[in-house]
Amino acid sequence: MQNVPLDLRRKISAALPGVNVLLPDEQQLPLQAAPVDEQRRPAIGAGERGLGAYLASRPLGYVQIEWPRPITGEEYWTPVAAVATTSTAAATLAHQIREAVAGAPGDVSWYVLQQPPALTPLPGRAVMSRAVYAIELLHGELPPT
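Predicted model, so just to flag it, every value in this text is computed and none were measured.

Reading guide: rules and limits
Residues numbered from 1 in each chain as written. Predicted model: local features only at pLDDT ≥ 70, side-chain atom pairs only at ≥ 80, totals over all residues. Heavy atoms only, no water. Helix = DSSP H or I, 4+ residues; strand = E, 2+ residues; numbered from the N terminus. Buried < 20%, exposed > 50% of the residue type's maximum accessible area, 1.4 Å probe, protein only. Contact = heavy atoms within 4.5 Å. Areas by Shrake-Rupley, 256 points an atom, 1.4 Å probe, with all protein chains shown as cover. Expected span 1.5 Å × (residues − 1). Arc of directions from axis to C-beta. Core = buried A, V, L, I, M, F, W, Y, C linked by side-chain atoms within 4.5 Å. Pairing = 2+ DSSP bridges. Axes fitted to C-alpha atoms, helices over the stretch in contact; angles between N-to-C directions. Parallel < 35°, antiparallel > 145°, perpendicular 65-115°, else oblique. Left-handed = near helix turned anticlockwise from the far one by under 90°. Nonpolar A, V, L, I, M, F, W, Y, C, P; charged D, E, K, R; others polar. Salt bridge = Lys/Arg side-chain N within 4 Å of Asp/Glu carboxyl O.

Q: I keep staring at the overall build of the protein chain and nothing clicks. Help me out?
A: Within the protein chain one finds three helices and six strands. Starting at the N terminus and ending at the C terminus, the protein chain contains elements arranged as α-β-α-β-β-β-α-β-β. Every one of the 145 residues in the protein chain was classed for burial, and the buried ones make up 39%. Considering only intrachain contacts with a sequence separation of at least 6, the fraction spanning at least 24 residues in the protein chain is 58%. Counting only carbon and sulfur atoms, one obtains 56% of the accessible surface of the protein chain, whose full area is about 8100 Å².

Below, the structure is given as structure tokens:
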């Protein structure tokens, strides 16, 4: 199911240049963020680490794509989260993701918003707005675009 996260990343990255779009395997990157010294080594005692440090260097927030989950033989649901420092920023980013993935309300798209974004506070100064998108694959492959 690697093709669905890659397709979502391509669509979101094209619509939101400057916003990091993380694949499922990159989920731990924000939690491992830390300040670095001049030689790009982790700086000891130099400030916030983890999600706060990651968001400090990404004022627009970031997008986290999760692994698709099979619902029926060919239908998959894929959670996509917008993470930012405020509820407003996370909700705005989630709205932009929806337009990039599923189009404006009423548009026809292979991806359909299955569960609307829900805001969840995260540790520190972070908020996540997570939505779930459904797609029906054709013989295990993405439909042609």
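Once you've had a look at it, read on.
Q: When you look at helix H1 (residues 3-15) in this model, what are you seeing that I'm missing?
A: Helical periodicity: at 3.6 residues per turn, an α-helix aligns residues three or four positions apart in one direction. Compared with an ideal rise of 1.5 Å per residue, which puts 13 residues at 18 Å, H1 spans 18 Å between its outermost C-alpha atoms and is within 8% of the ideal. Of the residues making up H1, those classed as buried are Val 4, Pro 5, Asp 7, Leu 8 and Ile 12. Across the axial projection of H1, the buried residues extend over an arc of 160°, all falling on one side. The inward-facing, buried residues of H1 contact strand S1 (20-22), strand S2 (62-65), strand S4 (75-84), helix H3 (87-102) and strand S6 (126-136).

Q: Sorry, what's going on with the nonpolar core here?
A: Ranked by size, the top nonpolar core spans 21 residues in total, and within it Ile 12, Val 63, Val 80, Ile 97 and Tyr 133 carry the most contacts. For this core, the secondary structure elements donating two or more residues are H1, S2, S4, H3 and S6. Examining the composition of this core, we find that five residues originate from one element, H3, more than from any other. One finds Ala 81, Val 83, Ala 126 and Met 128 within the second-largest nonpolar core, a separate group that totals eight residues.

Q: What should I look at first to understand the pairing of S6 in this one?
A: Strand residues, when the strand is regular, have side chains that alternate between the two faces of the sheet. Taken across its 11 residues, S6 has nine buried, putting it largely inside the fold. Inspection of the sheet shows S4 paired to S6 by 10 bridges, in the antiparallel sense. For Ala 84, the partnering residue across the bridge sits in S6 and is Val 127. Alignment of strand S5 (residues 112-122) against S6, held across eight bridges, turns out to be antiparallel. Bridged to Val 112 within S6 is Ala 134. Linkage of S5 to S6, two consecutive antiparallel strands, is achieved through a turn of three residues, within which Gly 124 is found at a positive phi near 80°.

Q: Please explain the packing of H1 against H3 as it appears in this structure.
A: Each pair of packed helices can be described by the angle between their axes along with the distance between the axes. Running from amino to carboxyl end, H1 crosses H3 at an angle of 120°, the nearest separation of the two axes being 9 Å. In terms of orientation, H1 lies oblique with respect to H3. In terms of crossing hand, the pair formed by H1 and H3 is right-handed. The residues of H3 that touch H1, namely those facing Leu 8, Lys 11, Ile 12 and Ala 15, are Ile 97, Ala 100 and Val 101. Residues belonging to the contact of H1 with H3 are distributed by class as follows: six nonpolar, no polar and one charged.

Q: It is not clear to me how the pattern of salt bridges should be interpreted in this structure. Could you clarify?
A: Throughout the structure, instances matching the rule amount to four salt bridges. Two residues, Arg 69 and Glu 66, come together in a salt bridge whose shortest N-O distance is 3.3 Å. With its nearest N and O atoms 2.7 Å apart, the salt bridge here joins Glu 66 to Arg 130. With Glu 66 in the loop between S2 and strand S3 (69-70) and Arg 130 in strand S6, this residue pair connects regions lying 64 residues apart in the sequence. Using a relative accessible area of 13% as the deciding quantity, one classes Glu 66 as buried.

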